[in-house]
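Listed below, chain by chain, are the residues.
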Amino acid sequence: VRPEDISTGGQITVFPGIPHGVSNKHADSPTLLIHLRESDAEQARANNDRDEHNRGYMWGNYIAYSKICTHAGCPASLYEQQTNRLLCPCHQSQFLITDNAKPVFGPASRKLPQLPIELDAEGFFVAKSDYTEAVGPDFWERP
């Protein structure tokens, strides 16, 4: 996927690749890549800079979060671009994309992990690294 493939305010589900191969840990997890409007991207960047886990993870006005809800593992994929909220349809948890995907409604108590992204030499989005926070609900077994 290249930046021009996603219109402003649009989003697409991706399965990120990592330079030099993927691990089987988290990075092949379904991810929502979102092209934020300029003012929303500025707000998201400011909030990312205040969060040690997400600092420098955006590329331009693009941001990527795990689609796996931190409550029960359902696909949180209903993006409402006017409010910048991502809704999980299973139990109605909502995450505020411009504030590090923190939960703002529903039973989820942990933010969605953000994937650090960049462009490769050919202009395609790639993951800079694996997710740095656990993907999915807390009760999932971790390696």
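Further up the page is the structure itself.
Quick caveat, the model's predicted, so the values are computed rather than measured.

Engineer: Where do I start with the side chain of T98 in this structure?
Structural biologist: As for its placement among the helices and strands, T98 is situated in the loop between β6 (94–96) and β7 (102–105). Overall, the relative accessible area of 3% leaves T98 in the buried class. If we skip the residues at most four places from it in the chain, T98 touches D40, Q43, A44, N47 and N84.

Engineer: Help me out: how do you make sense of the state of the cysteines in this one?
Structural biologist: Disulfides are covalent bonds that link the sulfur atoms of two cysteine residues. Using the criterion set out here, one finds one disulfide in the structure. A disulfide bridge connects C74 with C90, and the sulfur atoms are separated by 2.3 Å. Here the S-S torsion is close to -110°, and the disulfide linking C74 with C90 is therefore left-handed. Here C74 is found in the loop between β3 (62–66) and β4 (78–80), whereas its partner C90 is found in the loop between β5 (85–87) and β6, with 16 residues between them in sequence. Residue C69 stays outside any disulfide, its sulfur separated by 3.9 Å from that of C88, the closest cysteine. Of the residues examined, C88 reaches a relative accessible area of 2% and is grouped as buried.

Engineer: What is the right way to read the sheet that holds β4 from this model?
Structural biologist: Backbone hydrogen bonds are what pair the strands of a sheet, in a parallel or an antiparallel way. Spatially, the four strands line up as an open sheet ordered β4-β5-β6-β7, and their pairing is antiparallel. With one partner strand each, in any of the chains shown, β4 and β7 form the two edges of the open sheet. Each neighbouring strand pair of the sheet contributes to a mean axis angle of 35°, computed without reference to strand direction.

What counts, and where the lines are drawn
- Residues numbered from 1 in each chain as written.
- Predicted model: local features only at pLDDT ≥ 70, side-chain atom pairs only at ≥ 80, totals over all residues.
- Heavy atoms only, no water.
- Helix = DSSP H or I, 4+ residues; strand = E, 2+ residues; numbered from the N terminus.
- Buried < 20%, exposed > 50% of the residue type's maximum accessible area, 1.4 Å probe, protein only.
- Contact = heavy atoms within 4.5 Å.
- Disulfide = S-S within 2.5 Å.
- Pairing = 2+ DSSP bridges.
- Axes fitted to C-alpha atoms, helices over the stretch in contact; angles between N-to-C directions.

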